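Structural characterization, general
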Amino acid sequence: MIYKNRLLSKGPKIVAIGGGTGLSILLRGLKEYTSNITAIVTVADDGGGSGILREDLGMLPPGDIRSCLLALANTEPTMEKILQYRFKEGSLKGQSFGNLFIAAMNEIYGSFELAIKEASNVLAVTGKVLPMTLDDVTLCAVLENGDIVAGESSIPLKNKEASSRIDRIYMEPEITYPLVEAVEAVKEADIIVLGPGSLYTSVIPNLLVNDMVEYICNSDATKVYIPNVMTQPGETDDYTVFDHVEAILKHSCKDLLDYVIVNVEKIPEETLEKYKEDGSKPVILTEEDEKKLKKLNIKIIKDNLIDVKKDYIRHDSLKASELIFNLSKEKQR
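Residues numbered from 1 in each chain as written. Predicted model: local features only at pLDDT ≥ 70, side-chain atom pairs only at ≥ 80, totals over all residues. Heavy atoms only, no water.

1. Some thoughts on the sheet that holds strand 5 (residues 148-150)
Whenever strands of a sheet pair, they do so through backbone hydrogen bonds, lying parallel or antiparallel. Inclusion rule: DSSP calls a pair of strands paired once it identifies at least 2 bridges connecting them. We count a stretch as a helix when DSSP gives it H or I for four or more residues in a row; a strand needs E for two or more, and each element gets its number in order from the N terminus. For helices, the fitted line uses only the C-alpha atoms of the stretch in contact; every axis is such a line through C-alpha atoms, and the angle between N-to-C directions lies from 0 to 180 degrees. Whether two residues touch is decided by their heavy atoms; if any such pair falls within 4.5 Å, the residues are in contact.
Across the sheet, which stays open at both edges, the three strands sit in the order 5-4-6 with antiparallel pairing between neighbours. Edge positions in the sheet fall to strand 5 and strand 6 (166-172), since each has one partner strand and no second. Taken pair by pair, the neighbouring strands of this sheet meet at an average axis angle of 20°, ignoring direction. Sitting on the sheet, helix 8 (residues 154-162) is in contact with strand 4 (138-143), strand 5 and strand 6, with an inclination near 15° to strand 4.

Okay, structure coming up:
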């Protein structure tokens, strides 16, 4: 274990940017290759248990932060079960114990940033988990039909009702500031990874914080994007790989990305059935996509990246992390 920890401490400096389930799954794989991980996590969530705590306590939403802390934690399985536990009855129904834990830390230390640091110490977290900003932000979407939707949780619902694609997203207030630690991590990174995760509500919000795009563009790091393996109803309906990339570039700059890591593994039909009911489809890479990405000088890495557990389709975190780790080795040559 001592030898492994020493080896991991010499691993590449990786900054992973996003939120939700996608980012936390990737982090579980990355910590097997390096301990130099900084996760920069969206705090635009306003739904579910996180939204309730945000409204009741005036704190930043802890949900995505909690998932990433647990992904990088070195704790007993029982502790993880406790922190992931959701109450089934009473006024706390649907609320996660992990969210309440972070809320308590926030009250004790009087600072969300300090609360996350102390929670990281308690959970023996590998690397760092940082909120994208400490400002209280509201995510807004401008649809192609001209409608404006306010609130992260409302965007896919209202968009689905309107049957209109998302044109762009923005945050209120428009002036928001990234954490100094996040900026330093981006500057010093060997690899910067965007995604996987919800395109408009988990990944892109991190790019809307003041000057973050500039910091990423100016970093010497290799920049990688991992799109979701499935489309998300009301958010990325019928999107191909290039549609995802195009949205990222539209909210940043045309030369932001060096690589895109794409799944090419076919998903079993029986697994896809329940996704079809919700209108979700595999995100495909077309020949036209490949031509467009080549014109943008974005290299494509294709691999079998599917991991199906209990009929849920996820990225194979170890395989994706291996591909990212290999890019860092190429950079060192």
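2. Considering unusual backbone geometry
Rule in force here: Three exposure classes are used, based on accessible area relative to the maximum for each residue type with a 1.4 Å probe and protein chains only: buried under 20%, partly exposed in between, and exposed over 50%.
Of note, the bond from glutamate 172 into proline 173 is cis; its omega dihedral lies within 30 degrees of zero at 0°. In this structure, proline 196 follows glycine 195 across a cis peptide bond, with omega equal to -5°. By secondary structure assignment, the location of proline 196 is in the loop between strand 7 (191-194) and helix 10 (199-203). Phi is positive for asparagine 297, which is not a glycine, with a value near 60°. Relative to the assigned elements, asparagine 297 resides in the loop between helix 14 (287-295) and strand 10 (299-303). We note that lysine 310 has phi near 50°; this positive angle belongs to a residue other than glycine. Its place among the elements puts lysine 310 in the loop between strand 11 (306-309) and strand 12 (312-315). With a relative accessible area of 79%, lysine 310 lands in the exposed category.

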